[in-house]
Amino acid sequence: MGHEPVAVVGIGQTKHKKRRDDLSIAGLVREAAQRALDDAQMTWSDIDAVVIGKAPDIFEGVMKPELYLADALGGAGKPVFRVHTAGSVGGSTAIVASHLVSSRVHKRVLAVAWEKQSEGNAQFGLGGGKSGSIGAGGAFAPWIRAYIRKSGAPEHIGWQVAVKDRQNALRNPYAHLHLKDISIDKVRESPMMWDPLHFLESCPSSDGAGAIVLTDKAGGLAAEADGRPPAWVLGTSMRSEPSSFNGRDPIRPQAGVDCAWDVYKQAGITDPRNQIDVAELYVPFSWYEPMWLEGHDIAPVGEGWKMVDRGETAFDGSFPVNPSGGVLSSNPIGASGMLRFLEAALQVRGAAGEHQVDGARVALAQAYGAAAQYFAMWAVGSQLPSS
């Protein structure tokens with residue numbers, strides 16, 4: 001007996017902002033979850049299990065929040081699972097939820113991920129206290145410099161990605177940053193944070209949540225027959241590697257390569273550049289767009305930046321990346337991976353609104369975390385996969 005096909009039939013997210021002080025954490029996750037349930041035309045009682053994901057508890061200072069959130073998410077008397085894989089957790093949460101359906105443990109599962117950064121201090125959490133931490137940008141900057149040196153990429157590539165994603169965000173009403181006057185000059189002239197990363201090449205700190213409802217083949221076909229096309233899960237994978245070991249390549253981590261090809265094999269993808277219509281990649285710092293294009297074999301090694309430079313990853317390009325605005329425009333850390341996954345699903349459902357990519361039939365979503373060592377990816381499609 002094979003795996004049960006999995007369909008995404010409900011998608012919801014909050015408006016992402018620097019501070020959502022109109023809502024508690026419970027109110028924030030419930031806003032996204034209720035929208036996903038409404039989209040799926042379900043109620044709380046229809047859900048068999050809830051999967052919750054977020055970044056480290058220290059980011060908000062609330063320990064084991066899944067316990068007190070169970071009631072808010074309709075989880076009383078039901079299985080409630082907590083997932084944590086650093087920054088990739090939103091993607092991992094979606095994958096764990098999909099496995100509960102594909103393994104026929106549950107028929108209808110709600111997955112929710114969030115972060116309320118305004119109620120904590122991620123920099124404090126990342127630095128382990130009052131250490132004057134370098135933060136995530138400081139950790140990744142040397143690898144970005146190494147990528148630039150090895151690939152020969154010109155410095156404007158990072159600025160180009162930053163402008164492209166912020167312009168995409170203007171099409172997305174849920175995005176945190178709506179920078180209408182963004183330009184190459186503004187990015188270049190913004191303060192240098194972690195050489196070579198300027199302030200406007202970095203992600204914001206956001207409050208926000210994302211949620212999806214997943215169901216089985218019968219549920220997906222019923223939604224389709226009702227005029228609500230689902231996103232069918234074509235492949236899922238999680239991979240990790242230690243943060244440091246002899247011979248590690250932090251520019252193109254092997255765990256990321258393996259994760260991608262695991263998903264490609266499940267989805268029947270042999271030529272990712274031409275078989276994938278749109279990608280939502282986890283790009284919190286602009287240079288990670290070309291790095292992940294290479295890291296997931298969408299572009300040959302050393303040539304990811306050339307795809308950017310030619311405009312191929314633009315909204316109207318031949319391989320659109322982050323039409324939603326991406327992590328560069330909204331970064332509720334625990335939810336950021338979930339946003340990539342649900343945005344990919346929106347694209348193949350034809351439900352992405354103003355940032356819908358024409359003809360999107362197969363979409364790739366990726367999230368990474370910690371020292372570029374945790375990876376979560378899925379491919380979703382508009383057609384029920386053949387068994």
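Shown above is the structure to which this text applies.
First, a word on what this report is: a plain description of the structure on this page. Since this is a predicted model, take the numbers as computed values, not measurements.

## Side note on the overall build of the protein
- Across its full length, the protein carries 13 helices and 11 strands.
- Relative to its length of 387 residues, the protein is compact, with a C-alpha radius of gyration of 19 Å against a globular reference of 21 Å.
- Structurally, the protein occupies a C-alpha span of about 55 × 45 × 45 Å along its principal axes.
- Residue pairs in contact within the protein that sit at least 24 positions apart in sequence constitute 78% of those at least 6 positions apart.
- On the protein, roughly 14,700 Å² of surface is accessible, and the fraction owed to carbon and sulfur atoms is 52%.
- Within the protein, one finds 37 positive and 42 negative side-chain charges whose respective centroids are separated by 3 Å.

## A short note on the pattern of salt bridges
- Using the criterion set out here, one finds 24 salt bridges in the structure.
- Glu31 is the salt-bridge partner of Arg35, the closest N and O atoms lying 3.4 Å from each other. With Arg35 and Glu31 both in helix H1 (residues 25-40), this residue pair falls 4 residues apart, about one helical turn.
- Residue Glu31 is classed as buried on the basis of its relative accessible area, which comes to 18%.

## Some remarks on the layout of surface pockets
- Estimates place the volume of the second largest pocket at around 550 Å³.
- Forming the walls of the second largest pocket are 17 residues, and the residues nearest its centre are His3, Glu4, Val233, Leu234 and Pro385.
- Per-element accounting of the lining of the second largest pocket gives the leading share, 4 residues, to strand E8 (residues 231-240).
- Of the residues contributing to the lining of the second largest pocket, the split by class is 6 nonpolar, 10 polar and 1 charged.

## Focus on the packing of aromatic side chains
- Scanning all chains against the criterion turns up 14 aromatic pairs.
- Among the aromatic side chains, those forming a connected cluster through ring pairs are Phe140, Trp143, Trp194, Tyr282, Phe285, Tyr288, Trp292, Tyr368 and Phe375.
- The ring of Phe315 carries Arg171 above its face, with NZ or CZ at 3.8 Å from the centroid.
- Taking the ring centre of Trp143 as reference, the NZ or CZ of Arg248 above it sits at 5.6 Å.

## Focus: unusual backbone geometry
- For the bond running from Asp195 to Pro196, omega is 15°, close enough to zero to count as cis.
- Mapped onto the secondary structure, Pro196 falls in the loop between strand E5 (192-194) and strand E6 (197-198).
- Positive phi is not limited to glycine here, since Lys64 has a value of about 50°.
- With respect to the secondary-structure elements, Lys64 resides in the loop between strand E2 (49-54) and helix H2 (65-69).
- Positive phi outside glycine occurs at Ala372, with the angle close to 50°.
- Tracing the backbone shows Ala372 in the loop between strand E10 (362-369) and strand E11 (374-381).

## Considerations on the pairing of E10
- Counting buried positions along E10 yields 8 of 8 residues, so the element is predominantly enclosed.
- Here E10 shows two buried faces, one formed by Val362, Leu364, Gln366 and Tyr368 and the other by Ala363, Ala365, Ala367 and Gly369.
- Pairing of strand E9 (residues 278-280) with E10, which is carried by 3 bridges, proceeds in the parallel orientation. Looking at E10, one finds that Ala279 is bridged to Leu364.
- Sheet topology places E10 next to E11; 8 bridges connect them, and they run antiparallel. Looking at the pairing, Gly369 lines up with Tyr374 of E11.
- Between E10 and E11, which pair antiparallel one after the other, the connecting turn spans 4 residues, and Ala370 there sits at a positive phi close to 55°.

## Details of the nonpolar core
- The biggest cluster of nonpolar side chains holds 89 residues, and the ones touching the most others in it are Val8, Ile212, Leu214, Tyr288, Leu293, Leu364 and Trp378.
- Element by element, the count of residues in this core is highest for helix H13 (residues 333-349), at 10 residues.
- Every residue in contact with Tyr288, bar those within four places of it in the chain, is listed here: Phe140, Trp143, Ile144, Tyr282, Val283, Tyr368 and Ala372.
- Ranked by size, the runner-up nonpolar core spans 27 residues in total, among them Ile25, Leu69, Leu110 and Ala223.

## Quick word on empty space enclosed by the protein
- Throughout the structure, instances matching the rule amount to 1 cavity of 30 Å³ or more.
- Approximately 50 Å³ is the volume attributed to the largest cavity.
- Lining the largest cavity we find Gln13, His16, Asn172, Ser324, Gly326, Ser330, Leu339, Arg340 and Glu343.
- A total of 3 residues in the lining of the largest cavity trace back to one element, the largest contributor, which is H13.
- In terms of residue class, the lining of the largest cavity is made up of 1 nonpolar, 6 polar and 2 charged.

## Some points on the side chain of Ser102
- As for its placement among the helices and strands, Ser102 is situated in helix H3 (residues 89-102).
- Here Ser102 is in contact with His3, Glu4 and Val6, once residues within four sequence places are set aside.

Each value, and the rule that gives it
Residues numbered from 1 in each chain as written. Predicted model: local features only at pLDDT ≥ 70, side-chain atom pairs only at ≥ 80, totals over all residues. Heavy atoms only, no water. Helix = DSSP H or I, 4+ residues; strand = E, 2+ residues; numbered from the N terminus. Rg over C-alpha atoms; globule rule 2.2 N^0.38 Å. Contact = heavy atoms within 4.5 Å. Areas by Shrake-Rupley, 256 points an atom, 1.4 Å probe, with all protein chains shown as cover. Lys, Arg positive; Asp, Glu negative; His and termini not counted. Charge placed at Lys NZ, Arg CZ, Asp CG, Glu CD. Salt bridge = Lys/Arg side-chain N within 4 Å of Asp/Glu carboxyl O. Buried < 20%, exposed > 50% of the residue type's maximum accessible area, 1.4 Å probe, protein only. 1 Å grid on protein atoms, 1.4 Å probe; cavity = no way out; pocket = protein on both sides within 12 Å on 5 of 7 lines; lining within 4 Å. Points joined across faces, edges and corners; volume = space filled by probe spheres on them. Nonpolar A, V, L, I, M, F, W, Y, C, P; charged D, E, K, R; others polar. Phe/Tyr/Trp six-rings, centres within 6.5 Å; stacked < 30°, edge-to-face > 60°. Lys NZ or Arg CZ within 6 Å of the ring centre and 35° of its normal. Pairing = 2+ DSSP bridges. Core = buried A, V, L, I, M, F, W, Y, C linked by side-chain atoms within 4.5 Å.

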